[in-house]
Amino acid sequence: MTPAIEVRDLVKRFDAVEAVRGISFTVARGSTCALLGGNGAGKTTTLSMLLGVLLPSSGSISVLGEDIARHRYRVLGRMNFTSPYVDLPKKLTVEENLRMFARLYGVRDMKRRIAVLAAELDLADILKRAYGALSAGMRTRVSVAKALLNEPELLLLDEPTASLDPDVGDRVRTQLMDYQKRTGATLLLASHNMPEVERMCDTVLMLRAGRIVDAGAPAELIARYGRSTMEEVFLDVARRPERTIERGPDEIRLERE
Amino acid sequence: MSSPAALSLRRIYAMVLRHLYLFRKSWVRVIEMAYWPTMQMVLWGFIAQFLATNSSWVAQVPGLLVSALLLWEVLFRGQLGVALSFFEELYARNLGHLFVSPLRPLELVASMIAVSFFRTAIGVGTAIVLALVLYHYSIFDLGVPLVTFFANLLVCGWAVGLMVAALVMRYGLAAENFAWGAIFVAAPISGIYYPISVLPDWLQAVAWCLPTSHVFEGMRAVLLERTFLWREFWTAVGLNALYMIAGIALFLGAFNGARRRGMLLQIGE
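Residues numbered from 1 in each chain as written. Chains lettered and ligands numbered in written order. Predicted model: local features only at pLDDT ≥ 70, side-chain atom pairs only at ≥ 80, totals over all residues.

Enquirer: Any chance you could explain the overall build of chain B here in plain terms?
Expert: Check the secondary structure of chain B and you find 10 helices and 0 strands. Along chain B, helices (α) and strands (β) appear in the sequence α-α-α-α-α-α-α-α-α-α when read from the amino end. Residue burial in chain B is summarised as follows: out of 269 residues, 38% are buried. Within chain B, contacts between residues separated by at least 24 positions form 77% of all contacts whose residues are at least 6 apart in sequence. (Helix = DSSP H or I, 4+ residues; strand = E, 2+ residues; numbered from the N terminus. Buried ≥ 20, exposed ≤ 12 C-beta atoms within 10 Å, placed from the backbone. Contact = placed C-beta atoms within 7 Å.)

Enquirer: Looking at this structure, how should I read the overall build of chain A?
Expert: When helices and strands are counted, chain A shows 9 helices and 12 strands. In terms of overall dimensions, chain A is globule-like: its C-alpha atoms have a radius of gyration of 18 Å, near the 18 Å expected for 257 residues. For chain A, the residues scored as buried account for 45% of the 257 residues in total. Put simply, 65% of the contacts in chain A that link residues at least 6 apart link residues at least 24 apart. (Rg over C-alpha atoms; globule rule 2.2 N^0.38 Å.)

Enquirer: Before we go on, may I ask you to explain the nonpolar core in this structure?
Expert: A general feature of soluble globular proteins is that nonpolar side chains tend to end up buried together. Formed by 144 residues in total, the largest nonpolar core has its most connected members in Leu156 and Leu205 of chain A together with Val164 and Ala165 of chain B. If we ignore the near neighbours within four places in the chain, the residues touching Val164 of chain B are Ala83, Phe178, Ala179 and Ala182 of chain B. (Core = buried A, V, L, I, M, F, W, Y, C linked by C-beta atoms within 7 Å.)

Enquirer: Explanation requested: the pairing of strand S10 (residues 211-216) of chain A in the structure shown.
Expert: Regular strands place their side chains on alternate faces of the sheet. Residue and element names in this part refer to chain A. The buried count for S10 comes to 6 of 6 residues, which makes it a mostly enclosed element. Where strand S9 (residues 203-208) meets S10, 5 bridges bridge the pair, whose relative direction is antiparallel. Its bridge partner lying in S10, Met206 is registered against Asp214. Counting the residues that bridge the hairpin from S9 to S10 gives 2 residues, and of these Ala209 lies at a positive phi of roughly 50°. (Pairing = 2+ DSSP bridges.)

Enquirer: What should I look at first to understand the interface of chain A and chain B in this one?
Expert: At the junction of the two partners, chain A supplies 19 residues and chain B supplies 16 residues. Taken together, the elements giving at least two residues each to the side of chain A that touches chain B come down to helix H1 (43-51) and helix H3 (94-104) of chain A. Looking at the side of chain A that touches chain B element by element, the count peaks at 3 residues for H1 of chain A. In terms of residue class, the side of chain A that touches chain B is made up of 14 nonpolar, 3 polar and 2 charged. (Nonpolar A, V, L, I, M, F, W, Y, C, P; charged D, E, K, R; others polar.)

Enquirer: Just checking my understanding: could you explain the sheet that holds strand S1 (residues 5-14) of chain A for this structure?
Expert: Think of a sheet as strands paired side by side through backbone hydrogen bonds, with each pair either parallel or antiparallel. All names here are of chain A. What the 4 strands build is an open sheet, ordered S2-S1-S4-S5; its pairing is antiparallel. Of all the strands in the sheet, just strand S2 (17-27) and strand S5 (66-67) have a single pairing partner and so form its edges. Note that strand S4 (residues 58-63) and S5 share 2 bridges and pair antiparallel. Across the sheet, residue Val63 finds its bridge partner in S5, namely Glu66. The sheet contacts of H1 involve S1, S2 and S4, and relative to S1 the element is tilted by about 115°. (Axes fitted to C-alpha atoms, helices over the stretch in contact; angles between N-to-C directions.)

Written out as structure tokens, the structure is:
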């Protein structure tokens, strides 16, 4: 079976700035992978290229077995995305928003699907409220509901629990993990929330200045760096001299720069 | 300690500077400042020139100016409908969600056109009823040709609306004022209220490149001579086809440009 995501020598330049510098990685189907890195590391740029809303300068991306540059529309209906930085129409109610996106994704039995998600994400009481009138936390939950509408095989999450209180954040994480367990979907998330990454992810790609500087399972990375949490690993990676990892489908090779 | 009422030139200058920085970076804002006075002056200058010699001619045909005004509204509302539908997504910062869904850009274009049709029907429909109540004039007196005028002007409006949307996708919301004014570039040379022959020769050549000129000439022929000018109709159809192709191409070009520059997830902020 082809990997959910296969990225080869991906580069993105914005004029003189190289935001992503030749990264390669694969994400196995049914796994949860995190892109971890500080601001400007290239996480959102990479996610945008995986979604096809940003064209790479060079390199290739295969998503769910399809070349995203040539057959983007074959896979868009099988994946979804959420980010606290991309809004939904504020004047529409939560239900109207979900109905609109359910139609865009061709969701069958739309009413039932919205009712299920409303129950799972505790949205039933706010379905008739305007999206713009909701708190940041509620908006994030609605955005997650939108991302799960089409029961995606691949879910790309940009800081999925940003601005949520610990209780709601925990419920959203549980919901996402349950969803993955039930459907075997692949999750790729960009996050600054280290406990979230430790709890949810099988593998972590550590990005710095557009390069993958390390990769592995959270426990593996923690052990490798002799630390006790991913947060400490993150700080180590952010402050140590750069290391580059080139990851092929069957190999991991570490190089010290 | 200075009094709360004391004015600081430095602070005032700082705020002026804040806008000058914007103007320096945004040519669309600068053009917009000169745009309306120029358009109004040109349009009403030609109207005044025409009425000075032909006022009795206009007076003989009831509804000439009202018909012209209503048909102009079809064009304006059609264009505005397309542009505003697109702006709604920008204001909502929703483009990112739309373009990661299976929605194709051409499907978005089609939806904007459909919404524009409804907006125009509501806007112009109200004006048509008002014209009936206030001036006892029904634009439906134009008969079957009215359908061809409406259709041609709507399509032209949609084409310009797509060009405006493309401009905003390229230059951001600083260019949104073009939605309100772009179509008025064509107003003085479309012969809405006066024949194209009123214009200087060189400007007539430009005017005949617009579908609108052919529509309004056609309208006058129906009202004044009870004749439907097929040649004007087909010329308008041909020009509209070209304008529509250009509008769609510009929109798709701007979409691809936004994909290259990474604007689709950010635009509207």
